[in-house]
Amino acid sequence: MPIEIEGVTKTFNGQRALDELSLRVEDGSFLTILGASGCGKSTLLNILAGLETPSTGRILLDGTPVTGPGPDRVVVFQKPGLYPWLSLRDNIAFGLRMRGSSSLPWREVDRVIELIGLKGFEKHRPYELSGGMQQRVAIARALVMHPRVLLMDEPFGALDAQTRETMQEFLTELWERIQATVIFVTHDIDEAIMLGSRLVVMSARPGRISLDEPVTLGRPRDWDMITTPDFLALKRAARRILAGQTH
Ligand SMILES: Nc1ncnc2c1ncn2[C@@H]1O[C@H](COP(=O)(O)OP(=O)(O)OP(=O)(O)O)[C@@H](O)[C@H]1O
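- An unreviewed UniProt entry lists the protein under the name ABC transporter, with Acidocella aminolytica 101 = DSM 11237 as the source organism.
- In UniProt, the protein has this text filed under Sequence similarities (unreviewed entry): "Belongs to the ABC transporter superfamily."

As structure tokens, then:
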């Protein structure tokens, strides 16, 4: 079932951060949203998550208006935000515990640990894990809730280039195995094109959609694709918008 963003505007202190944004996101798709700093990407994601309310317009999930946060939409932020005193396994189970589950589905927690490739690290604490591993745990913590929509706000922005590439491959493989819609925000053009099935580019102040194109590269993706004509054409178009030239 689709997510419909209908005429969403957000104003902070009289300043418009988002301007009449409308978008329909198909179920199970991988949408990347690219935009310069301050164009309203996080604001849009927070509205989708139900953490912020739009000034005008609305979000529909399966035709039902979103009125607040819910386990069907989980956000993964740039910082993994793990609890340092909890083991990897307990960090992943934390959300389920908060939801008030009386008996925790440990088998499901362990399945997710296997899915993210961290079997054998269950008892480790966050400081014993690399940055990439910590971000996998943050993704696992989201996945264990079985979200319909995974909202990702520059999740690899703090990682070094090599780890970032590994995580990009990991995420695309994961997306092919789980039944969730991914909305992934970034300001990295290559990352946006490499990951997405559809690319939306936002222009700044107030945030508007300036480009909305399918990414026609096949899957599995591989970095050699960055020299293909399709990749380069999309990159050129995105770059123009980010540089402030919309024509
Ligand atoms: N809670 C808030 N109160 C006031 N202004 C806000 C608030 N949140 C965001 N803004 C403003 O709205 C605009 C969009 O911010 P937002 O964080 O959504 O942009 P962004 O595209 O995610 O930027 P970045 O890539 O730097 O994270 C900015 O001008 C920002 O200052």
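**Thoughts on the packing of aromatic side chains**
Argument step 1. Counted by the stated rule, this structure contains 5 aromatic pairs.
Argument step 2. Judged by centre distance (5.5 Å) and plane angle (80°), the ring pair of F30 and W175 falls under edge-to-face. With a gap of 145 residues between them, F30 in strand β3 (residues 30-35) and W175 in helix α5 (residues 161-177) connect regions that are remote in the sequence.
Argument step 3. Exposure remark for W175: the relative accessible area of 13% places this residue in the buried category.
Argument step 4. On the basis of an interplanar angle of 40° and a centroid distance of 6.2 Å, the ring pair of F30 and F184 is categorised as tilted. In this pair, F30 sits in strand β3 while F184 sits in strand β8 (residues 181-186), placing the two residues 154 residues apart along the sequence.

**A look at the domain arrangement of the protein**
The accessible area lost on association of the parts is a frequent measure of interface size.
Argument step 1. On domain assignment, one finds that the protein holds domain 1 (1-72 + 149-160 + 167-246) and domain 2 (77-146).
Argument step 2. With centres defined by C-alpha atoms, the gap from domain 1 to domain 2 works out at 25 Å.
Argument step 3. Together, the buried faces of domain 1 and domain 2 total about 1300 Å²; carbon and sulfur atoms form 74% of this surface.
Argument step 4. Of all residues in domain 1, the largest losses of buried area upon contact with domain 2 belong to P71, M167 and F170, amounting jointly to 34% of the total for that side.
Argument step 5. For the side of domain 1 that touches domain 2, the element with the most residues is α5, which contributes 4 residues.
Argument step 6. Along the lines of polarity and charge, the residues of the side of domain 1 that touches domain 2 split into 12 nonpolar, 2 polar and 3 charged.

**A look at the site of the ligand**
Argument step 1. Taken together, F12, N13, A17, A36, S37, G38, C39, G40, K41, S42, T43 and E154 make up the full set of residues adjacent to the ligand.
Argument step 2. The side chain of K41 places a nitrogen or oxygen atom 2.8 Å from an oxygen atom of the ligand.
Argument step 3. At a separation of 2.8 Å, an oxygen atom of the ligand approaches a polar side-chain atom of S42.
Argument step 4. The protein chains hide 59% of the 630 Å² of surface that the ligand would expose on its own.
Argument step 5. Per-element tally for the shell around the ligand: the top contributor is helix α1 (residues 41-49), with 3 residues.
Argument step 6. Tallied by class, the residues present in the shell around the ligand amount to 4 nonpolar, 6 polar and 2 charged.

Rules of the game
Residues numbered from 1 in each chain as written. Predicted model: local features only at pLDDT ≥ 70, side-chain atom pairs only at ≥ 80, totals over all residues. Heavy atoms only, no water. UniProt positions renumbered as here; feature names shortened; annotations may be inferred. Phe/Tyr/Trp six-rings, centres within 6.5 Å; stacked < 30°, edge-to-face > 60°. Helix = DSSP H or I, 4+ residues; strand = E, 2+ residues; numbered from the N terminus. Buried < 20%, exposed > 50% of the residue type's maximum accessible area, 1.4 Å probe, protein only. Domains from an automatic or database assignment. Buried area = accessible area lost by both parts, 1.4 Å probe. Nonpolar A, V, L, I, M, F, W, Y, C, P; charged D, E, K, R; others polar. Near = heavy atom within 4 Å. Polar contact = N/O pair within 3.5 Å; in protein donor to acceptor, adjacent residues only side chain to side chain. Areas by Shrake-Rupley, 256 points an atom, 1.4 Å probe, with all protein chains shown as cover.

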